[in-house]
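# Residue-level structure breakdown
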Amino acid sequence: MSASQITPATAVPGDDVPTLLVKIFGKDRPGITAGLFDTLAAYSVDVVDIEQVVTRGRITLCALVTAPSPAEGSTGSAEGDLRATVHSWAESMSLQAEIISGRGDNRPRGTGRSHVTVLGHPLTAETTAAIAAAITATGGNIDRIFRLAKYPVTAVEFAVSGAQTATLRSVLAPEAAQLGVDIAVVAAGLQRRAQRLVVMDVDSTLIQDEVIELFAAHAGCEAEVAEVTAAAMRGELDFEQSLHARVELLGGLDASVVEAVRKEVRLTPGARTLVRTLKRLGYQVGVVSGGFTQVTDALQEELGLDFASANTLEIVDGKLTGRVTGEIVDRAGKARLLRSFAQQAGVPLDQTVAIGDGANDLDMLNTAGLGVAFNAKPVVREAAHTAVNVPFLDTVLYLLGITREEVEAAETHVG
């Protein structure tokens, strides 16, 4: 059938067409949805919209249908008959029914659509009320709410229309800090599902450790190096200068320390799940690090990462020289590498995700389509698109609209 042969009766009803909203409530069990529509089928109605949700074994099923036309030769009310039949069927199923007359389809959503993801541990009623009120204050309307995950945190997503993404983000960011939850706001649309490259910092992001401090512990200067590292991550020191100063303290260490440090590295909780799930879903994953290739190369192999880049400790005659070789991976370098990885992956920058915790990650976070500050320093949390402040790296998946059920399914299929 050509487009010109499609009759107006198959189109979405206009505002003047009578419609009925049929709502069913009660204990869920198999056959309810089929039973309702079998009942409605006797009246030759068209389905305009359907939504169903089950919460703790209780079903709410809504069907928006066109009002029935009177049967030829009938003097009774077709709508009245439909109402009586639906109520009778619902009663036979120990369900409740409500039928509301109206006209046309749902009212159009406002321009500007966003996904607001809230991570709480726990998520309280008071917090939820405050978030909903803040959304309303921007002129936004909450069109739908659903749960993405119940552990290790409660993750809930609000589909919002009528407010611009940037406006929602600016209003909800201070609310998140005050309420002690994490809130991410991203634009709705296909682009969200199309984000196909995720690039992470390594130290204190993919792993729990600062690699240079692990090396320093073997050189007996851990406290000194840790102090300089912390100042650099807060943005108080130039990263390249601080790197050279710290690496110089490692001069003379035997190269065998590399293998010892690799064994000491601890993945962040949820890191393996994050990478496995992303890879299973077709994402490409990379790391950039102000640390060292002597560790990132091993992580790349262990986790199956697509990209990895870091600084390289110079080793001569089996000893660390206290110098690094090649171009330094610093704040600007991380952003440059993100662009390079995206180009190699064939992914537009606005479809990339960057995750980091330190000041030297800021350029990368702001270059990506979505920049996530993970348990980050205050200067980073304030500048990034969104922040995650729970100790589980896989919670970043919820910001991408990936549910816990999808995560578990991906884990099940990993060999």
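Not measured: the values here are computed from a predicted model.

About the cut-offs
Residues numbered from 1 in each chain as written. Predicted model: local features only at pLDDT ≥ 70, side-chain atom pairs only at ≥ 80, totals over all residues. Heavy atoms only, no water. Axes fitted to C-alpha atoms, helices over the stretch in contact; angles between N-to-C directions. Helix = DSSP H or I, 4+ residues; strand = E, 2+ residues; numbered from the N terminus. Parallel < 35°, antiparallel > 145°, perpendicular 65-115°, else oblique. Left-handed = near helix turned anticlockwise from the far one by under 90°. Contact = heavy atoms within 4.5 Å. Nonpolar A, V, L, I, M, F, W, Y, C, P; charged D, E, K, R; others polar. Phe/Tyr/Trp six-rings, centres within 6.5 Å; stacked < 30°, edge-to-face > 60°. Buried < 20%, exposed > 50% of the residue type's maximum accessible area, 1.4 Å probe, protein only. Pairing = 2+ DSSP bridges.

## Describing the packing of helix α6 (residues 211-219) against helix α9 (residues 257-264)
Where α6 contacts α9, the axes come no closer than 10 Å and their chain directions differ by 125°. On the basis of the axis angle, α6 is oblique to α9. For α6 against α9, the interelement crossing comes out right-handed. Here V211, L214, F215 and H218 of α6 come into contact with α9, specifically with V257, V258, A260, V261 and E264. Residue composition of the contact of α6 with α9, by class: 7 nonpolar, 1 polar and 1 charged.

## Regarding the packing of aromatic side chains
What the rule picks out here adds up to 2 aromatic pairs. With 5.9 Å between their ring centres and 85° between their planes, F215 and F292 make a pair best called edge-to-face. Residue F215 is located in helix α6, and its partner F292 is located in strand β10 (residues 284-292); the two are separated by 77 residues in the primary sequence. Accessibility classification places F215 together with F292 in one group, the buried group. Between the aromatic rings of F307 and F341, the centroid separation amounts to 4.8 Å while the plane-to-plane angle is 15°, which identifies the pairing as stacked.

## Re the sheet that holds strand β11 (residues 307-316)
Strands sit in the order β12-β11-β10-β9-β13-β14-β15 across an open sheet of 7 strands; the sheet is mixed. Each having just a single partner strand, β12 (319-325) and β15 (386-388) make up the two edges of the open sheet. Averaged over all pairs of adjacent strands, the angle between their axes in this sheet comes to 25°, without regard to strand direction. One ladder, built from 4 bridges, connects strand β9 (residues 197-200) with β10; its direction is parallel. Counterpart to L197 in the pairing with β10 is Q284.

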